[in-house]
Amino acid sequence: MTWNDVVFMLPEIILSIGASLLLIAPVIGWRLKEASAKWAILILLAITALSVVICSNVVEGLPQTVSYSAMFALDGFAIFFKLLFITAIAMIVLLSDDFLRESRYSAWEYYSLLGFALIGMMFMASGVHLASIYIGLELMSLSSYILTGFFKNEQKSTEAAMKYFVLGTVSSGILLYGISLIYGVTGSLNLLTIAKAMSTIITNDALMFGIMLLGAGLCFKIAAVPFHVWTPDVYEGAPTPIAAFLSTASKGAAVAIFARIFYVGLHDFQLDWSNILATISALSMILGNLAALTQDNVKRMLAYSSIGHAGYVLLGILSLNAMGLRGVLIYTLVYVFANLGIWATVLMLRRHEYAGERVDDFEGLHKRAPFWAFAMIIFLLSLGGIPPTAGFIGKYFLFAAAIQSGFGWLAIIAVLMSAVSMFFYFRIVVAMYLREGREAEVAITPALKLVAGVCLAVTLIFGILPAPLINQATESSSWVAARAAILTHAGR
Amino acid sequence: MNNILSWIVWLPIAAAVILAFFPRNAVTAIKSLGLGASIVTFGLSFVVVQLFQDSVATFQFVESHTWIPQWGIRYALGVDGIAIWLVMLTTLLTPVVFLSSWNAIHKHPKEYVIAFLIMEAAMIGVFMATDILVFYVFFELTLLPMYLVIGVWGGANRIYAAIKFFLFTISGSLLMLLGIIYLAFLQYHDVGRPDFSIAHLYGLSIPMHTQAILFAAFALAFAIKVPLFPLHTWLPDAHVEAPTGGSIILAGVMLKMGTYGFLRFCLPLFPDATAKYAKLMIILAVIGVIYGALVSWVQPDMKKLVAYSSVSHLGFCVLGIFALNQTAIEGSILQMVNHGLSTGALFLLVGVIYERRHTRMLADYGGLAATMPLYATFFVITVLSSVGLPGLNGFVGEFLILAGSFKTHPTATIIAAAGVVLAAIYLLWLVQRVFFGPVTKEENRSVPEIAWNEVAAMVPLVVLMVWIGVHPNTFLRKMSPSVQKLMTTVQKGGQRGQVMVAGALTRRSAAPSPRGRGIWQRGPLPSGEGGRRPGEGR
């Protein structure tokens, strides 16, 4: 390991040390100051973000593009997702603050687990080797199992954690089995080497089986049909900020590795897996959105809608062109911010244990908090992909990518399901604006205001002036796009 | 004055943003600002009409700024003879709405004014956009305010109506988005860079089967909006539940976004598909004319009656558009304006009486002419305009449509002309039952006369009805160069299609036109060659 290698991983190293310190902080004797835990993690996240930016600048000057025996890259793709994840985790910390204060559990442990999850996600963003990707994925998953069941005296929370853990480990096993089969056929775990090996393989049943298992494992992580059944139960049972974490940051990380593995490693097998993914995508969009129609619980509704969104994002992955890759980046960012905004609004309604979880709880919100009710409309429109919100830009890219690669029928399903999704998103609008009588009780803290405000700004600004976002996505995806393009030419 | 169109679009939005910071209880100030902003917008659009050059067929007052450079999307505005009167109609009807609902809105007046201002800006944007994606953005932007207007200020069953309206429209427009994306790809393959400018897209030559698919995607969105016969079911619900102002804008302007879309996109972009499917559209339009009229006839509810009469009248507009000749299309555009004026006025007047009596049932009225003479005068003039009495606006529009479409589709025209007769029946019957005869109900003896604000809202509409009826050339002469250009684009496309067909024919008959010769020389032997001497082929 050289000094250069350290630069590649410096943000993760800093974060690991910091998260460990958070864990032992109560033992050392800082237990009395529970409130300082929030500030500790926020400062830690700020330092990490800063180090990501600095390290990426240093790495740009280095001759090598990957380090640790070609296991770890700090390319534009990784930086984009790392900064997105750090921002998302920072917002989830802000969302959790109020929630934790009312509970009796240690904020230090909670934030340290969030930190560990973030390390895993950052590894996933950087991984160009199936082993490093898997390690990152496991670190993130294990942290999120614990976080899901963090409120251990609550039955729902524990039940959700148990379900998530059992199904999650099984899917990790499937994923690992797939990886081992791919290793057996191609002789490598490095994505670039796998791609090279694949370009010479015409057909191989073991490899096909391995890719299918890998795809199944990844689909579980992004909650695509038919590997989605855990999602509603886990989102419902998990503490609301953790549900926000699972539906945004955790899902974004899974999308990042999905895109990288398939764009860099497996694109030569496109013909074989694109149609399978197209089926999965269509099923996710249809089932996710139709099932969301009947949900009265907002958390479950968002869970089903996130299944639908997994279907949308798969459009970008399976279309396998530059448009699709950019679409994945843009859509993930847009989705994370819109969703976090919605979760922040849900938390504003929270006054007792489970308030804000039913659609009815939104009744009359626009009388109590007109601005945040309006913000909620914008977030919902963004998820539905209606201009002038950022969601439109993301959906545009994904639809265009699908049409470009000949999946017009999938694009038609996607728009029809968007129309369906507007129906259940607008149930919340109906409750907020159109129903008379009750006035929603709200507890709007400055932290929630900050999160919702940032999300609103991002959603609107990138909706009205998307040029910088598109440029950034183009630049950030260029490394991966270049690998995919180069190998396409070399292989055929 | 360089970017006067931007001023017209953004002034209402600026007013809406300022209003958002007003205190809730400053009701008069809020209403005044809304009315003031909409009147200034009307003034600006009037300036545009004055400066509009009659002889120019292309877009005027053009503005174009880079918006999303990566896709070649430009924030581009312009008006031509087709759009200008619709812009004018929008800017006219918005102050009319504010005036007519001056005392009618007690619930959230601030949000009401903001919603209408944003809606106005979006609708103007739809008519002014010269970039297809900007058009789409404005098209979608009209949805949410109207949804809220129906849903918040509407009647008893408003939530159902609002959602139905929203879902119908958005399903169509999302499919149109796919069409737009596909169109952009075609353009990209043609010129090598992404380009969404409508004027540039007109130059595309699209193969027939692609045209058919794209035509379907666009036409569905617009047919829902118009609404064309089998897709009209959202309209009566939306109208009955919407507040008066919402109905005025919905019928007056929003439905025209559909007919305008046909003229702006379906006809010039997909001329071959238009030629092929014109018959289908005309059949649906004529069914709409008759069906709308028959259903109106039996409505006990005044508002529902007027709503179904919209289905009937818009059927005329679609008939005129797909008759595909200059007279009919000009008549159709004029009829869009006419319908906006007369149906807007009808909804306004129904709203006036509903405010006073809280019922819209025909059976609850009778003999109102005695208690409300001024109101009755306005109502009768409006009804006569809607019926198509010579000397008022409806006659000119319907006459031009029927005269134009008779040339191409005589049978359909004759059937549609029955719709005019039916309109006279149901509308005059409405007048008779509400205004004439003895006063049957005691409540109707003391209904207050139409108020100053309602008179102020009605007067410009009535003036325009007479003006268009007496001197339609003021309006027609501005639109005819643009319509002529549209017709050449459509015919050029049609000829291109005929050339393709002719090329195939010449190959078979071995008398090649220059174009056919080109095919002979370039490619391998066409398959038609084998068909000429079937015996030798085997």
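Calculation rules
- Residues numbered from 1 in each chain as written.
- Chains lettered and ligands numbered in written order.
- Predicted model: local features only at pLDDT ≥ 70, side-chain atom pairs only at ≥ 80, totals over all residues.
- Heavy atoms only, no water.
- Helix = DSSP H or I, 4+ residues; strand = E, 2+ residues; numbered from the N terminus.
- Rg over C-alpha atoms; globule rule 2.2 N^0.38 Å.
- Buried < 20%, exposed > 50% of the residue type's maximum accessible area, 1.4 Å probe, protein only.
- Areas by Shrake-Rupley, 256 points an atom, 1.4 Å probe, with all protein chains shown as cover.
- Lys, Arg positive; Asp, Glu negative; His and termini not counted.
- Charge placed at Lys NZ, Arg CZ, Asp CG, Glu CD.
- Axes fitted to C-alpha atoms, helices over the stretch in contact; angles between N-to-C directions.
- Parallel < 35°, antiparallel > 145°, perpendicular 65-115°, else oblique.
- Left-handed = near helix turned anticlockwise from the far one by under 90°.
- Contact = heavy atoms within 4.5 Å.
- Domains from an automatic or database assignment.
- Phe/Tyr/Trp six-rings, centres within 6.5 Å; stacked < 30°, edge-to-face > 60°.
- Lys NZ or Arg CZ within 6 Å of the ring centre and 35° of its normal.
- Core = buried A, V, L, I, M, F, W, Y, C linked by side-chain atoms within 4.5 Å.
- Buried area = accessible area lost by both parts, 1.4 Å probe.
- Salt bridge = Lys/Arg side-chain N within 4 Å of Asp/Glu carboxyl O.
- Polar contact = N/O pair within 3.5 Å; in protein donor to acceptor, adjacent residues only side chain to side chain.
- Nonpolar A, V, L, I, M, F, W, Y, C, P; charged D, E, K, R; others polar.

### Topic: the overall build of chain A
Link 1 in the chain: Within chain A, the regular secondary structure consists of 19 helices and two strands.
Link 2 in the chain: Since a compact globule built from 492 residues should have a radius of gyration of about 23 Å, the 21 Å found for chain A is in line with a globular shape.
Link 3 in the chain: In terms of its C-alpha atoms, chain A occupies a principal-axis envelope of roughly 65 × 55 × 40 Å.
Link 4 in the chain: Out of the 492 residues belonging to chain A, those deemed buried represent 66%.
Link 5 in the chain: Surface accessibility of chain A: about 16,300 Å² in total, with carbon and sulfur atoms responsible for 68%.
Link 6 in the chain: Seen as two clouds, the 28 positive and the 27 negative side-chain charges of chain A have centres 2 Å apart.

### Brief notes about the packing of helix α4 (residues 107-126) of chain A against helix α10 (residues 240-265) of chain A
All names here are of chain A.
Link 1 in the chain: The contact between α4 and α10 brings their axes to 8 Å, and the two run at 15°. The pairing of α4 with α10 is recorded here as roughly parallel in orientation. Both α4 and α10 take part in a crossing whose hand is left-handed. Facing Tyr110, Leu114, Ala117, Met121, Met124, Ala125 and Ser126 of α4, the residues of α10 in contact are Pro241, Ile242, Phe245, Ala249, Ser250, Ala253, Ala254, Ile257 and Arg260.

### As for the domain arrangement of chain B
Link 1 in the chain: Here chain B is described as being made up of domain 1 (4-486) and domain 2 (489-520).
Link 2 in the chain: Distance from the C-alpha centre of domain 1 of chain B to the C-alpha centre of domain 2 of chain B: 41 Å.

### Regarding the packing of aromatic side chains
Link 1 in the chain: The final tally for this structure, using the stated rule, is 52 aromatic pairs over all chains.
Link 2 in the chain: Taking 5.0 Å as the distance between ring centres and 65° as the angle between the ring planes, the aromatic pair formed by Phe77 of chain A and Phe81 of chain A counts as edge-to-face. Note that Phe77 of chain A and Phe81 of chain A are positioned in helix α3 (residues 76-102) at a spacing of four residues, about one turn of the helix. You'll find Phe77 of chain A and Phe81 of chain A in the same group, each marked buried.
Link 3 in the chain: The rings of Phe135, Phe139, Phe215, Phe218, Phe222, Phe262, Phe265, Phe270, Tyr277 and Phe322 of chain B are connected pair by pair, giving a single aromatic cluster.
Link 4 in the chain: The cationic tip of Arg433 of chain B hangs over the ring face of Trp429 of chain B; the distance from NZ or CZ to the ring centre is 4.1 Å.

### Brief notes about the nonpolar core
Within soluble globular proteins, side chains that are nonpolar tend to cluster in buried spots.
Link 1 in the chain: Core analysis: the largest hydrophobic core is formed by 408 residues, its most contacted members being Tyr147 and Leu183 of chain B.
Link 2 in the chain: Among the elements that take part in this core, helix α13 (residues 322-348) of chain A stands out by supplying 19 residues, more than any other.
Link 3 in the chain: Not counting the four nearest positions on each side in its chain, Leu183 of chain B is found in contact with Ile132, Leu201, Leu204, Ile206, Leu214, Phe218, Leu269 and Phe270 of chain B.

### Some details on the interface of chain A and chain B
Link 1 in the chain: Counting residues at the interface gives 38 residues for chain A and 34 residues for chain B.
Link 2 in the chain: Between chain A and chain B, a total of about 3,200 Å² is buried, with carbon and sulfur atoms accounting for 82% of that surface.
Link 3 in the chain: Connecting chain A to chain B are zero salt bridges.
Link 4 in the chain: Our enumeration of links across chain A and chain B arrives at three residue pairs in polar contact (both at pLDDT 80 or more).
Link 5 in the chain: Contributions of two or more residues to the side of chain A that touches chain B are made by α15 (370-384), α16 (390-404), α17 (408-434), α18 (446-464) and α19 (467-491) of chain A.
Link 6 in the chain: For the side of chain A that touches chain B, the leading source of residues is α17 of chain A, giving 13 residues.
Link 7 in the chain: Looking at the side of chain A that touches chain B, its residues break down into 31 nonpolar, five polar and two charged.

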